[in-house]
Structure formats: C-alpha cells, structure tokens
Amino acid sequence: MANGWDDRIPYGPERKPWKDTVSRFAKDPTNGEYLIQPPSKDPLCTYPNVVGKWEPLFQVPTVGLSHSQIKEANAKAVEKNKHFHKNFLGYQNNCFFDYSHLKDFLTMHTNNIGDPFAESLLQMNTRWVERNVLDYYASLWNIRWPHGWEEEDEESYWGYCLTMGSTEGNMYGLWNARDYVTDGVAEQRRGGKRRNAEIPVVFYSEDAHYSLTKTIQLESIKNFYQIGAEMYPDRCPLEEGKGRWPHEVPSKGGAAGAGEVDEAALTKLVGFFAREGHPVIVVFNYGSTFKGAYDNVEKAGQMIVDEIRAQSEDGEVENVFEAKNDHGEIVATFRRLKYWIIDSIVKGLETSLINTN
C-alpha cells in the first residue's frame, strides 16, 4: 500500500485486482505510473451493500463494462427495484403508473431550453405541449391566459414546467420574491447602510423542504432566525422561546404533528418584522415531502396581510422605492407590496404569488 491507496483491492464484476482493470491510457507511458487515483479501500466494505453479492456488477473499471456486463447489471437493478416497488411504503411517491406509451421519446433528444413562449432554434422540442400545460394551470388558478407574449400584457402570466423538482421551484420563487419586494434595490446598492425596507425576511415552517435553507444562502437573503439573531437578539415575540429565535416557524404539534404551520406563531413573527419595516416573504407547504402536509394558505395568508396592515404606520401594505440619477434627482418611483407569498394561489387574497410546487 502506497500513498494511502492499494491497487491490489478486488474491483469490478470479475473482482480482479484493481491494477489489472486499468486501461493503458490511464498510465504514464514513460514510467508506468498511474494517471488516475487507485482505491484507498474496498468499496464493498465502505458503502451500504444494498444488492448483496451483486454489488460488484455495478463497479465500473477504467476500461468500462462489456455489453453483456451492462445487460446483467441493468437486469439486477430492475429486479431489485421491482422488489422495492412491490413492498414500498413512505414518501409521496406514486408507484402505480405506466409510462410505456412514452417510450418513443426515449430514443429522441428533445430539449425545451429557454422561454416556452418563444420560438426555439432547436427544433427537437415539445414547447407547444408545455404551453398548453401552463394554460391549463393558469385557468385553474384564475390567472389571465393565454400568455400575452406578442403584446406587453402585465396581467397575463409567465412560467415554465419544472424538470428538476421542488428545489428549482423554490429557487425561482425566492429569486422573484427577493427582487420584487425590494425592487432590486438591495442588489443594486453599493455601500451605505441599507434601510429595513431593503432587507427582506423569509419565513417557512419546520416541515418545509430542506432546499429553502440552501436557496436563501445562494440568493443572499436571510430567514427570520438569522436576521432576528443578528439585528434583534432575545426579542422573539413567541412566549415559549423566552426571547430566543427558533430556526423555523413552528408547526402545529411540533415534530409529532401533521406538519401544518402554526398560523398564530407565523403571524406573530411576521408582525414583529413588519413593525420594524422589513418586507416579508412567506413560503407555504402544499404537500410536503415527508408528511404530505398542507398549510391553510388562505387562512394564514389573510392573517399575514391583516397583520402587516396593522403594523404599518399608515395602514398601507406597500413600500415606495425611488430611482435617482447621478445627480441625486428622483427620476421615478416604484410601489411594491410589503410581502410575497410562495407556493399557492389564493383567490381574492391581496397578494403577489408564484407557484413553486
């Protein structure tokens, strides 16, 4: 064993010593030294062995796998997952579906990259299908449709069908929310102290999708715990915390509950930051990953709007931003709601929304 690795470790479907599975292109022709990293220990003794004695079938030597080895590995993967499929419990996965009617698409490389309402230079796409799906949901959510792409119709919608799951949806929703409630000022300002109206605060429950935590870091926004601990230490309005800020908004019944957000706790927290002049971004659950939880969006949303209005000095639910030229002269003003609610469409609720399943 040298340099922390051992090239004698059995590897691959045939369990040969790793050094005997290395392609000649992976060695320096002048001295025979490896150009790639040998294993430090046997993966079979390191990783969870899910498929038992068949695990080596899925190890890929530098020379690759033969067609017969690939066929055998695929067969074992299907066999194992059929067993899981038959006995599966947990998560919100629908195991009873049949996509065999779509098999022809697996032989074609279609790509809907870009704006679904614009023509694509890549002809292999299904944008016309995507547009009709979007129109269906626009109608369902009482949004003006079809999308007004030929004229600047501010009342119509824009959107696209997610292919990467809820993480991408949460990223897009929070990105739009951040730029809307601050009118982009927080991103454009260079130097100087930001006023609270330029510092949005994000709220989500303890049962929300974990992608929200990494998304707010990626998009340089903070949740109420971070801003509370930084700007308002020991001033949490929730009685049970005795001034200490929780990391997320409590759910009813805590970890043992059904996963629905505690509307009263959420409203208290939102009210505190609204009183300090912060715009708020609230992310609701609409079928959470682990519990299938649904927040009462209409009830909580209306409570939030009423609380923001009550905490505003003028009773307004909008902030005003000013655009100035290089001489400090005001050239335009913009009005933005002090809140943005993500993850549901609530008919009749005075709010700005984007759906991010």
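Residues numbered from 1 in each chain as written. Predicted model: local features only at pLDDT ≥ 70, side-chain atom pairs only at ≥ 80, totals over all residues. Heavy atoms only, no water.

A few points about the overall build of the protein chain
A tally of helices and strands in the protein chain yields eight helices and nine strands. A sequence separation of at least 24 residues applies to 52% of the contacts in the protein chain between residues at least 6 apart. If you sum the accessible surface of the protein chain, you get close to 22500 Å²; carbon and sulfur atoms cover 52% of it. (Helix = DSSP H or I, 4+ residues; strand = E, 2+ residues; numbered from the N terminus. Contact = heavy atoms within 4.5 Å. Areas by Shrake-Rupley, 256 points an atom, 1.4 Å probe, with all protein chains shown as cover.)

Brief notes about the confidence of the model for the protein chain
Model confidence for the protein chain is summarised by a mean pLDDT of 85, while 89% of its residues fall at 70 or above. When the criterion is pLDDT under 50, residues 344–357 qualifies, and its contacts beyond four places in sequence or with other chains add up to 45 contacts. (pLDDT = per-residue confidence, 0-100.)

Overview of the packing of helix α7 (residues 263–275) against helix α8 (residues 297–311)
Packing of α7 against α8 leaves a shortest axis separation of 9 Å and a crossing angle of 30°. One element, α7, and the other, α8, form an angle in the roughly parallel class. For α7 against α8, the interelement crossing comes out right-handed. Residue-level contacts link E263, A264, L266, T267, V270, G271, A274 and R275 of α7 to K299, A300, M303, I304, E307, I308 and Q311 of α8. (Axes fitted to C-alpha atoms, helices over the stretch in contact; angles between N-to-C directions. Parallel < 35°, antiparallel > 145°, perpendicular 65-115°, else oblique. Left-handed = near helix turned anticlockwise from the far one by under 90°.)

As for the side chain of D42
Structurally, the position occupied by D42 is in the loop between β2 (16–17) and α1 (67–87). If we skip the residues at most four places from it in the chain, D42 touches I9, P10 and R15.

Some words on a nonpolar patch on the surface
A grouping of F97, Y99, L102, F105, M108, I113, L122 and M124 is seen on the molecular surface, where their side chains present a nonpolar patch of about 790 Å² in accessible area. Along the chain, the position of F97 falls in the loop between α1 and α2 (127–140). (Patch = residues over 30% accessible without salt bridge, like charges linked within 9 Å, V, L, I, M, F, W, Y side chains within 5 Å. Salt bridge = Lys/Arg side-chain N within 4 Å of Asp/Glu carboxyl O.)

Remarks on α1
Over its 21 residues, α1 extends 31 Å from the first C-alpha to the last, a length consistent with the 30 Å expected when each residue adds 1.5 Å. Along α1, the positions that sit buried rather than exposed are Q69, A73 and K76. The buried residues of α1 occupy an angular sector of 65° when the element is viewed end-on, so they sit on one face. Projecting away from the buried face of α1 at angles above 90 degrees are the exposed residues H67, S68, K71, K82 and K86. (Expected span 1.5 Å × (residues − 1). Buried < 20%, exposed > 50% of the residue type's maximum accessible area, 1.4 Å probe, protein only. Arc of directions from axis to C-beta.)

Comments concerning the layout of surface pockets
Gaps left between atoms are located by rolling a probe of water-molecule size over the structure's atoms. Roughly 430 Å³ of volume is contained in the second largest pocket. Lining the second largest pocket are 16 residues, with N112, T126, E130, C161 and T163 positioned closest to its centre. Here the lining of the second largest pocket is composed, by residue class, of eight nonpolar, six polar and two charged. (1 Å grid on protein atoms, 1.4 Å probe; cavity = no way out; pocket = protein on both sides within 12 Å on 5 of 7 lines; lining within 4 Å. Points joined across faces, edges and corners; volume = space filled by probe spheres on them. Nonpolar A, V, L, I, M, F, W, Y, C, P; charged D, E, K, R; others polar.)

Some thoughts on the pairing of strand β6 (residues 318–324)
Two elements, β6 and strand β7 (residues 330–337), share seven bridges in a ladder whose sense is antiparallel. Paired with V320 across the two strands is R335, which belongs to β7. Hairpin connection from β6 to β7: five residues lie between these consecutive antiparallel strands, with G328 at a positive phi of about 80°. (Pairing = 2+ DSSP bridges.)

Structural notes on the nonpolar core
Among the nonpolar cores identified, the biggest contains 30 residues, and F203, L266, F273 and F284 are the most heavily contacted of them. Broken down by secondary-structure element, the contributors of at least two residues to this core are β3 (201–203), α6 (224–231), α7, β5 (280–283), α8 and β8 (339–342). It is α7 that contributes the most residues to this core, seven residues altogether. A177, V202, Y204 and A208 belong to the second largest nonpolar core, which has 13 residues in total. (Core = buried A, V, L, I, M, F, W, Y, C linked by side-chain atoms within 4.5 Å.)

Let's talk about α2
Counted at 1.5 Å a residue, the expected span for α2 with its 14 residues is 20 Å, and the 20 Å between its end C-alpha atoms agrees. What α2 keeps buried is the set R127, E130, L134, D135 and A138. The buried residues of α2 all sit within an arc of 140° when viewed along its axis, so they share a single face. Exposed side of α2, more than 90 degrees from the buried face: N132 and Y136 are the residues found there.

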